[in-house]
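# Breakdown of the fold
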Amino acid sequence: TGHIDALTRPDVVGDGLHDDTSGLQAALDSGASTVHLPPPTGCYLISRPLVIHSGQTLSAHRSAVIRLADHAHAHMLTNDDHARGNRGITILGGIWDGNNQHQTCEYHETGRWQVAYDPARYLGVLMQLVNVRDLHISGLTLKDPETYGIQLGDVRRFTVEDITFDYNMLRLNMDGVHVHGPAQEGRIANLKGATNDDQVALNADDGAMYEVTRGPISDIEVQGIWAEDGYTGVRLLSAGSPISRVHISGIYGSFRYYGVSFTHHHVHPGEPSLIRDVTIDGVHCHKPISGSLPGPLKS
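First, a word on what this report is: a plain description of the structure on this page. (Residues numbered from 1 in each chain as written. Predicted model: local features only at pLDDT ≥ 70, side-chain atom pairs only at ≥ 80, totals over all residues. Heavy atoms only, no water.)

### Focus: the overall build of the protein chain
How we decide: Helix numbering and strand numbering both begin at the N terminus, where a helix is a DSSP run of H or I of at least 4 residues and a strand a DSSP run of E of at least 2. Note that the radius of gyration is over C-alpha atoms, with the globule rule given as 2.2 Å times the number of residues to the power 0.38. Here's how the labels work: a residue is buried when its accessible area is under 20% of the maximum for its type, exposed when over 50%, partly exposed in between, all with a 1.4 Å probe on protein chains only. For this analysis, residues touch if any pair of their heavy atoms sits within 4.5 Å. Note on areas: these come from Shrake-Rupley sampling with a 1.4 Å probe, and a residue is covered only by the protein chains present in the view. When charges are counted, Lys and Arg are positive and Asp and Glu negative, with His and the chain ends excluded. A charge is said to be at NZ when it belongs to Lys, at CZ for Arg, at CG for Asp and at CD for Glu.
Scanning the protein chain from N- to C-terminus turns up 2 helices and 17 strands. Taken against the 2.2 N^0.38 rule, which gives 19 Å for 299 residues, the C-alpha radius of gyration of the protein chain at 18 Å falls within 12% of a compact globule. Projecting the C-alpha coordinates of the protein chain onto the three principal axes gives extents of approximately 55 × 40 × 35 Å. Among the 299 residues that make up the protein chain, the fraction classed as buried is 56%. Residue pairs in contact within the protein chain that sit at least 24 positions apart in sequence constitute 75% of those at least 6 positions apart. Total accessible area on the protein chain is roughly 11700 Å²; 51% of this is exposed by carbon and sulfur atoms. Computing the positive centroid from 22 side-chain charges and the negative centroid from 34, the protein chain places the two 4 Å apart.

This is how it looks when you write it as structure tokens:
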């Protein structure tokens, strides 16, 4: 128990040249309640996913860069027990750099997404957290993922807030915070910066390779979304599982497609789209200047 400063470990260098994965993981596996990443001389370099445990906080200084090593083709952070679940995980701060110019997920290699979800597959996301209760993510900068910044599935009592997206728009499917059902009692707030797909996705059903979980989404608050030349602010997707009691407020800036969208996309053909009790207020957004991002403008 207690607090560990990562840079006090001899196997964590933080110079951007040495692989710090083993040292950082050893700190997380030590049983410490908090693992702190102070500003390094360069950056923390990781080559495989860091795994966080129940009752644990990973706290990085806001200026501390955690960078995915060239050709690692791995998620940057996940929880340790997707099957039985985790409880009480907190992730604070840091600049999480997916280094997408030197990674390629299967979707971008092949162009195929209609294959079954496989937990061994690198989906291109920075953080994948599945089956977690009492989850708090705050104060992060998410930089250049292959696909999503944060992917959540089967979460309850969760908060994602004060997030900055610093995306190079290299890929066509760069979501911000992507939530799969089942998901209940959550708050997503104060997100800044354009993404090259949905800034927030509430997808009760997702279909194919990205559907790590599916189920009802309910009792969710999304508040305070800002982007300049973004794609879509908030998307809700139902194809079989219901979405209900969602409050969306404070959408600002410019979006190439929609401020808020309700979709089906036939991810499970024949399944109904079930969306009810959604409140939207305080939407102050507009279309960007034509040509600022590739693709047509939609009304």
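Let's pick the thread back up.
### Quick notes on the pairing of strand β2 (residues 34-37)
Here is the rule we go by: Strands qualify as paired when DSSP identifies two bridges or more between them.
The side-chain alternation of β2 yields one buried face, formed by Val35 and Leu37, and one unburied face, formed by Thr34 and His36. Relative to β2, strand β1 (residues 3-5) runs parallel, the two being bridged by 3 bridges. Paired with His3 across the two strands is Thr34, which belongs to β2. Taken together, the 4 bridges between β2 and strand β5 (residues 56-60) define a ladder with parallel strand orientation. The residue of β5 that forms the bridge with Thr34 is Thr57.

### Describing the nonpolar core
This is how the line gets drawn: The definition of a nonpolar core used throughout is a set of buried Ala, Val, Leu, Ile, Met, Phe, Trp, Tyr and Cys residues joined through side-chain atoms within 4.5 Å.
Residues Trp96, Ile137, Leu152, Phe158, Ile188 and Leu202 are the most contacted members of the largest nonpolar core, which totals 73 residues. Leaving out residues up to four positions away in the same chain, Leu152 has contacts with Leu129, Leu135, Ile137, Phe158, Val160, His178, Val179 and His180.

### Quick word on the pattern of salt bridges
What counts, and what does not: Salt bridges are defined by distance alone: a side-chain nitrogen of Lys or Arg within 4 Å of a carboxyl oxygen of Asp or Glu.
With the rule as written, the count across this model stands at 21 salt bridges. Notably, a salt bridge pairs Asp134 with Arg87, separated by 3.3 Å at the nearest N-O pair. In this pair, Asp134 sits in strand β10 (residues 127-138) while Arg87 sits in strand β8 (residues 86-92), placing the two residues 47 residues apart along the sequence. Relative accessible area serves as the criterion here: at 29%, Asp134 is assigned to the partly exposed category. For Arg87, a relative accessible area of 48% translates into the label partly exposed. Residue Arg214 is joined to Glu211 by a salt bridge in which the shortest nitrogen-to-oxygen separation is 4.0 Å. Taken together, the shared-partner salt bridges connect Arg62, Asp162 and Lys192 into one network.

### Examining the layout of surface pockets
Keep this limit in mind: Here a cavity denotes grid points, spaced 1 Å and computed from the protein atoms alone, that fit a 1.4 Å probe unable to get out, and a pocket denotes an open set having protein on both sides within 12 Å along at least 5 of 7 lines; residues with an atom within 4 Å of a point are the lining. Grid points are joined across faces, edges and corners, and a volume is the space filled by probe spheres set on the points. Asp, Glu, Lys and Arg are counted as charged, while Ala, Val, Leu, Ile, Met, Phe, Trp, Tyr, Cys and Pro are counted as nonpolar; the rest, among them Gly, fall into the polar class.
Estimated volume of the largest pocket: approximately 640 Å³. Residue lining of the largest pocket: 26 residues in total, with Asn173, Asp197, Tyr231, Arg235 and His265 positioned closest to the centre. Looking at the lining of the largest pocket, the elements that each hand over two or more residues are β15 (217-237) and β16 (243-263). Counting residues per element, the lining of the largest pocket draws most heavily on β16, at 5 residues. Taken together, the residues of the lining of the largest pocket sort by class into 11 nonpolar, 8 polar and 7 charged.

### Digging into the pairing of β15
Bridge count for strand β13 (residues 177-192) against β15 is 8 bridges, and the pairing is parallel. Each residue of the ladder has a partner; that of Ala189, found in β15, is Gln223. In this sheet, β15 lies alongside strand β14 (residues 198-203) in parallel orientation, the contact comprising 5 bridges. Along β15, the bridge assignment pairs Val200 with Val234. Across 15 bridges, the pairing between β15 and β16 is parallel. By the bridge assignment for β16, Glu221 is matched with His247.

### Things to note about the side chain of Arg171
To be explicit about the condition: Under the rule applied, a polar contact is a pair of N or O atoms within 3.5 Å (in protein, one hydrogen donor and one hydrogen acceptor; residues adjacent in sequence only if both atoms are side-chain atoms).
Checked against the element boundaries, Arg171 lands in the loop between β12 (150-166) and β13. A polar contact is formed between the side chain of Arg171 and the backbone oxygen of Gln103, at a distance of 3.3 Å. Not counting the four nearest positions on each side in its chain, Arg171 is found in contact with Asn100, Gln103, Thr104, His108, Glu146 and Asn196.

### Observations concerning unusual backbone geometry
The peptide bond linking Gly181 to Pro182 adopts the cis configuration, its omega dihedral lying at -5 degrees. Take Pro182: it is sitting in strand β13. Here Arg245, not a glycine, exhibits a phi torsion of approximately 55 degrees, which is positive.

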